[in-house]
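Architecture at a glance
Residues per chain are reported as follows:
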Amino acid sequence: VQLQASGGGLVQAGGSLRLSCAASGSILSIVAMGWHRQAPGKQRELVAVIFNSGSINYADSVKGRFTISRDYNKNRGDLQVNSLKPEDTAVYYCNARITDWSNRRDDYWGQGTQVTVSS
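Considering the pairing of strand S3 (residues 17-24)
Bridging between strand S1 (residues 2-6) and S3 involves 5 bridges; their strand directions are antiparallel. Of the residues in S3, the one forming a bridge with leucine 3 is alanine 23. With 6 bridges joining them, S3 and strand S8 (residues 76-81) adopt antiparallel strand pairing. Each bridged residue has a counterpart across the sheet, and for leucine 19 the counterpart in S8 is leucine 79.

Written out as structure tokens, the structure is:
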């Protein structure tokens, strides 16, 4: 199983990006898919997560600005990030809890995509 993140870039404050995460491999089901971020000198933090049930959680710092979604048929998730602030600058990682064809459940991480917001 692999996760591939894309969509990062350099934007001005107030701008938008759409981050994407594609899962591939021997996937039976994706229990949850989410995004974390890590800014220089800081710990990795949860940004948003969406569960199979449709339940969604956001970090307080991104509520109202970020929107997480999933395409259940394509094993793909997106994070729409709007009204970006310089403090959103970080490497964004997608992750997913996946059950594979051998019925093993594990957490997987993508390689990270850089988001840089200039003031």
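Still more to cover.
Observations concerning the pattern of salt bridges
Pairing between side chains of opposite charge can happen when the charged atoms of each approach one another. A complete count under the given rule lists 8 salt bridges for this structure. Ionic pairing is found between aspartate 60 and lysine 63, a salt bridge with its closest N-O pair at 3.0 Å. For aspartate 60, a relative accessible area of 65% puts it in the exposed group. One network of salt bridges, in which partners are shared, links Arg37, Glu45, Arg65 and Asp88.

Parameters at a glance
Residues numbered from 1 in each chain as written. Predicted model: local features only at pLDDT ≥ 70, side-chain atom pairs only at ≥ 80, totals over all residues. Heavy atoms only, no water. Pairing = 2+ DSSP bridges. Helix = DSSP H or I, 4+ residues; strand = E, 2+ residues; numbered from the N terminus. Salt bridge = Lys/Arg side-chain N within 4 Å of Asp/Glu carboxyl O. Buried < 20%, exposed > 50% of the residue type's maximum accessible area, 1.4 Å probe, protein only.

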